[in-house]
Amino acid sequence: MTILVTGARGNIGSRLAAHLAKSGHHVRATARDPKTLDAPAGVETAALDLTDPATAEAALHGVRTAFLYPTFGDITGFLTAAKEAGVEHVVLLSSPGAYDPVEHAGPIGTAHRAIEAAVRDSGLGHTVLYPSWLATNTTRDWGEQIRAGKVSLAYPDWRINPIHLDDIAEVAAELLAREQFRGRSLIITGPESLSQREVVGQIAAALGKPIELEELTRAEALAARPEWFPEAVFDSLLEVAANLGERPATVNNNVERVTGHPARTFAEWLRDN
């Protein structure tokens, strides 16, 4: 059985391909340009553009299950090809933004719900995987500020539930390789509800240096938005933080139910990375 991993260049896809291969599965990792992949030994690579059905046939040869990284474009041609190729089950990586209050109607939720609808309408067996707040968001959003020793953000007491990316990869691997936990959807979270303030404090402790936290107004945060961050998406996330405030973030035990071990803490993510 071949397991297809799309988006294998990414933080989650690369971990998933490596974990599956280490567990003895035959893995085919894909990217638009497979030369950009740094695949582990034993992992096959192939070219695939999910929005270009012409690239699908070779990539899908012999595939029984597939991990779909969310691609914002028309993937119906690929899904049709997957069904015709005999793919039995797909695991779609989505976002809690597809169902969360406020964000589900914003740009993040709208985009992910469109992809989910395409997978649902394809007739393929599938599980939509919803990981919580990614631990890598700290480096994506605050990396430069952390290095400078000062993090400026709005709503520092907004509570989040950081999840270790290895936990996401291991859960996805179980869904791809075994039928036991497959369903229409699975929400997985980190084990803690932490405020952004507490997260910054844990980063400072891990680095062994002080990090000042400056609280911004919403207007100030929008004005300081990084150029790479789309304004509509940034504004939607601020609205989520404003709406939820200091209420506890959702935490569940699904990582442990699926993998057999408790979800890793944010402190473990810092230690590992």
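Before reading on, note that the structure itself is shown above.
Rules used throughout
Residues numbered from 1 in each chain as written. Predicted model: local features only at pLDDT ≥ 70, side-chain atom pairs only at ≥ 80, totals over all residues. Heavy atoms only, no water. Buried < 20%, exposed > 50% of the residue type's maximum accessible area, 1.4 Å probe, protein only. Helix = DSSP H or I, 4+ residues; strand = E, 2+ residues; numbered from the N terminus. Pairing = 2+ DSSP bridges. Core = buried A, V, L, I, M, F, W, Y, C linked by side-chain atoms within 4.5 Å. Contact = heavy atoms within 4.5 Å. Axes fitted to C-alpha atoms, helices over the stretch in contact; angles between N-to-C directions.

Participant: Residue-level account of the pairing of strand S9 (residues 185-188), with values.
Facilitator: Within a regular strand, side chains alternate between the sheet's two faces. Residues Leu186 and Ile188 line the buried face of S9, whereas the alternating positions Ser185 and Ile187 sit on a face that is not buried. Pairing of strand S6 (residues 126-131) with S9 involves four bridges; the strand directions are parallel. Bridge pairing in S9 links Val128 to Ser185.

Participant: Explain the nonpolar core to me, using residue names and the numbers behind them.
Facilitator: Counting residues in each nonpolar core, the largest one holds 48 residues, and the members touching the most others are Leu16, Phe67 and Leu129. Residues in contact with Leu16, not counting those within four places in the same chain, are Val5, Phe67, Ala169, Ala172, Ala173 and Leu176. Counting 24 residues, the second-largest nonpolar core is a separate cluster that includes Leu50, Ile75, Leu79 and Leu92.

Participant: Please provide a residue-by-residue account of the sheet that holds S6, values included.
Facilitator: Taken in spatial order, the seven strands line up as S3-S2-S1-S4-S5-S6-S9 in an open sheet, and their pairing is parallel. Whereas interior strands pair on both sides, the edge strands pair on one side only; in this sheet they are strand S3 (44-47) and S9. Strand-to-strand twist in this sheet, taken as the mean axis angle between neighbours without regard to direction, amounts to 20°. As judged from the four bridges shared by strand S1 (residues 2-5) and strand S4 (residues 63-68), these two strands associate in the parallel manner. Across the sheet, Thr2 pairs through a bridge with Val63, a residue of S4. Packing against the sheet, helix H4 (residues 107-122) makes contact with S4, strand S5 (89-93) and S6, and its axis sits at approximately 175° to S5.

None of this, on its own, says anything about what the molecule does.
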